[in-house]
Each structure stands twice: as C-alpha cells, then as structure tokens.
Amino acid sequence: MNREQKATAIAEIAGQIQESEAIFAVDYRGITVAQVADLRTKLAESDASLRVVKNTLTERAADQTETEALKALLSGPTALAFVRGDVAGAAKALADAQRSTTFLAFKGGVLNGEALDAAQITALSKLPSRDVLYQQLVGLVASPLTGLARSLNGLIGGLAIALDGVREKKESGEIPSGDAPAAAAAPAEEAPAEEAPAAEADTTDAVATEDEAAPPAAPADTTDQTPQED
C-alpha cells in the first residue's frame, strides 16, 4: 500500500469514526469469510458495518478524530463494527455471532466518545432493540389517552341515554310538555297586591268627604223654650 492509498484508507476510517454513535472492537481470528458475510448482513439491520482494519492506520484516524479511547483497543487482529443506528441491536448481532462461532471476542469499544469494556458491550447486547423500546414507549403514551377516550365515550353515552329517557316520559305524559311552568305565572297573580296602598288612600279621602258634607248641627234655640216670666 503506497502513501496515497494509506491516506485514502485513513480518511475513510476517520469518516466512519465520526459518523458512528458507537464502535465495537472484536478479535476476528478464526472466523470464516462466510461467517463474516452473514454477520455483516445482520449488522446492516441495525445500520452498522464491519471492517477489518490495519491498526497503524486506524491509530492515525483516531488521532485525526481525537478518539483516544479507540487507540487502546488496537492490538492484534482487529475488526471494528461502526454503529450509526441501533447500538443495542448491533451489540446483540455480535454477541449472537460469538455464541454460534465461538470467535469474535469483544476487546472493548467507544460509545459517544466514552470507552466501553467487553462486559459493558455484553450488557448492551441484552437490552431491547430500538424498535422494541419505541413500541413500548408508544404503548405507555397511548394508554392514558385510550383511558380518557373511553371515559369521554361513557359520559356521552350516559347523557344520550338520560335525554332519551326524558323524551320518552314526555311522550307518555309523565312529564308535561308545551305549556310554560306554573311558577312563571306567579308574578301576574300577585300584581293586585301592589295596588293595596292606593285603595287605602281612596278610603281615607271618602271619610274626609263625608265629614265635610255633614257639618256639626247647630245648638238648639232654647230661648223659646224658656217659660216667659209673668
């Protein structure tokens, strides 16, 4: 590999490092070409790719991208899984390949710039995939909304039943319909009571008129009734 080819390889690896959310380093000794092809297919489902790298070139790429945690993993035959999508899904694909081939031992990795050891990658492989977590989240969010919708439907249904019952009672005559309630006519019946003060005033005037029409009788003339002196 000449200098230009090396520069191209370093630039490609640096680009993959920058694009990745996580990078897993494995020892690829003992694995067959067919097994590698099968693993790459499974990793692609999680938007991840597997690349066998030359350690010296990868170290330079790590220097360019300031990914110091990756440099400690570059010893012996190394393959890197560059994960751009589902981190847990990619870790699971590698863990399944380990169990089926007894190869591909984890060396460690990097997640969002932080170093991971082999045990942490194994723990990641046991987490639910991104799709499963998304479905669980949707279920948690939708559950309260479903309960609210059911409650509203129950209230609306109960109101409809109650209104239908009122309609049936009106049609059967149990509840009068058409005429205004008797309470609404009460103010009209009480109206004459408001005229009572005027009637009392008229009575007073009548008494006063009678008194004026019949003045007190003049005292009787007693002069004629007195016996004349002889």
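The notes below deal with the structure included here. Remember, it's a predicted structure, so these values are computed and weren't measured experimentally.

**Details of the packing of helix α1 (residues 3–19) against helix α3 (residues 55–65)**
Any two packed helices are characterised by the angle at which their axes cross and by the distance between the axes.
No. 1: Relative to each other, α1 and α3 sit at 55°, their axes nearing to 8 Å. The orientation of α1 relative to α3 falls into the category oblique. Two packed elements cross with a definite hand, and for α1 against α3 that hand is right-handed. From α1, K6, A9, I10, I13, A14, I17 and Q18 reach across to α3, where they touch L57, T58, R60, A61, A62, Q64 and T65.
No. 2: Residue classes in the contact of α1 with α3 are distributed as eight nonpolar, four polar and two charged.

**What about helix α2 (residues 33–44)?**
No. 1: Taking 1.5 Å of rise per residue, the 12 residues of α2 would be expected to cover 16 Å, and the 17 Å separating its terminal C-alpha atoms lies within 8% of that figure.
No. 2: For α2, the set of buried residues is V36, L39 and L43. Down the axis of α2, the sector holding all buried residues measures 65°, keeping them to one side. Set apart from the buried face of α2 by more than 90 degrees, the exposed residues are A34 and T41.
No. 3: Those residues of α2 hidden inside the fold are in contact with β2 (48–53) and α5 (87–101).

**A short note on unusual backbone geometry**
No. 1: Unusually for a residue other than glycine, D47 sits at a positive phi of about 55°.
No. 2: Positionally, D47 belongs in the loop between α2 and β2.
No. 3: Note on D47: relative accessible area 40%, which makes it partly exposed.
No. 4: One non-glycine residue, T102, adopts positive backbone phi at about 65°.
No. 5: Relative to the assigned elements, T102 resides in the loop between α5 and β4 (105–111).

**Some thoughts on the pairing of strand β3 (residues 78–83)**
No. 1: Within β3, six of the six residues are buried, which leaves the element mostly enclosed by the surrounding structure.
No. 2: Here β3 shows a buried face lined by T78, L80 and F82 and a second buried face lined by A79, A81 and V83.
No. 3: With six bridges joining them, β2 and β3 adopt antiparallel strand pairing. The residue of β3 that forms the bridge with R51 is L80.

**Considering α1**
No. 1: End to end, α1 covers 24 Å across 17 residues, agreeing with the expected 24 Å (1.5 Å per residue, within 8%).
No. 2: Listed in full, the buried residues belonging to α1 are A9, I10, I13, A14, Q16 and I17. Seen end-on, α1 carries its buried residues on one side only, within an arc spanning 160°. The outward face of α1, more than 90 degrees from its buried face, is lined by the exposed residues E4, Q18 and E19.

Reading guide: rules and limits
Residues numbered from 1 in each chain as written. Predicted model: local features only at pLDDT ≥ 70, side-chain atom pairs only at ≥ 80, totals over all residues. Heavy atoms only, no water. Axes fitted to C-alpha atoms, helices over the stretch in contact; angles between N-to-C directions. Helix = DSSP H or I, 4+ residues; strand = E, 2+ residues; numbered from the N terminus. Parallel < 35°, antiparallel > 145°, perpendicular 65-115°, else oblique. Left-handed = near helix turned anticlockwise from the far one by under 90°. Contact = heavy atoms within 4.5 Å. Nonpolar A, V, L, I, M, F, W, Y, C, P; charged D, E, K, R; others polar. Expected span 1.5 Å × (residues − 1). Buried < 20%, exposed > 50% of the residue type's maximum accessible area, 1.4 Å probe, protein only. Arc of directions from axis to C-beta. Pairing = 2+ DSSP bridges.

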